[in-house]
Amino acid sequence: MKNFTYLLFLAILAGQPLHAQISIGFRGGYTLADMRYKDATIGYKYNGLGTPTRLNSWHVDFMVNMPVKGGLYIQPLLRYNTVGAQFEPPAAVPAGVFMPSAREIRLHYLELPLNVVYKIPFSFGKLVTGAGPYAGYALNGKYDLAIRYNGSVVENTHQEIRFNDRTNIVSTNSQVRRWDAGANIMLGLEFNNLVVLGANYSIGLTDIDRSVSSTLKNRYLGISLGVLLNREDY
């Protein structure tokens, strides 16, 4: 997947006409992430994780706009992103038993979205809409592990996710893998003063849990503010 993405990016660059201008820019902002966690037999479950809820985090993008024809563009991105989820405690915990469970998972990804976008000109700038695939590689990850006794947390620790371990989140059967891939849609504004404002929704199509007993997939909403360093239509 990684080699394919780079080859596709180089092919797009090679196919650009010599007179075409390319604009670049930076943006960053808020990420609202969660995970779809499902057991193969009973749906959303406890098994040391509980029901996932949303995680507040952030992202940074380096973006490139490459004109194709008219208002059609190819827009590859290089994104550093933090995704994951918080987890509600298991609903049923036996009394008098020390029960470990993961409270939060954070994965730090380097992502390569490749969007096909269309820009509609207005007096103030351009309305931008598009969609495309993405590939992601987890640079590292952490999770919070809580020990509960009779409904109360008696100990909380921070643990590294060791991606090569057979089970890398204590108290679960999860075997989180580094690679992720999915699709995203985006909507944004490019103002005449080169300020950019946008939103994207990305949904993971890859099960990042190698175990056979459950599935774990990323998804997130991103809201970004940034600036273009030049204009491709000059």
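One structure accompanies this document, and this report is about it. These figures come from a predicted structure and were not determined experimentally.

Remarks on the overall build of the chain
Scanning the chain for helices and strands turns up one helix and 10 strands. Out of the 234 residues in the chain, the part that is buried amounts to 44%. For the chain, contacts bridging at least 24 residues in sequence account for 70% of all contacts bridging at least 6. Taken as a whole, the chain presents about 11,800 Å² of accessible surface, with 62% of it coming from carbon and sulfur.

Examining the pairing of strand β4 (residues 72-87)
Among the 16 residues that make up β4, 12 are buried, leaving the element largely enclosed by the rest of the structure. Two strands pair when backbone bridges link them, and strand β3 (residues 55-69) and β4 are joined in this way by eight bridges, in the antiparallel orientation. Residue pairing across strands places M63 opposite L77, the latter belonging to β4. The antiparallel pairing of β3 with β4 creates a hairpin that spans two residues between the two strands, and G70 there sits at a positive phi of about 60 degrees.

A short note on the environment of A138
The topology assignment puts A138 in strand β6 (residues 125-149). Residue class for A138 comes out buried when judged on its relative accessible area of 0%. When the C-alpha positions of A138 and L110 are compared, they lie 6.4 Å apart, and in sequence the two are 28 residues distant. The contacts of A138, once residues within four sequence positions are left out, are H108, Y109, F163 and R178.

Rules and cut-offs
- Residues numbered from 1 in each chain as written.
- Predicted model: local features only at pLDDT ≥ 70, side-chain atom pairs only at ≥ 80, totals over all residues.
- Heavy atoms only, no water.
- Helix = DSSP H or I, 4+ residues; strand = E, 2+ residues; numbered from the N terminus.
- Buried < 20%, exposed > 50% of the residue type's maximum accessible area, 1.4 Å probe, protein only.
- Contact = heavy atoms within 4.5 Å.
- Areas by Shrake-Rupley, 256 points an atom, 1.4 Å probe, with all protein chains shown as cover.
- Pairing = 2+ DSSP bridges.

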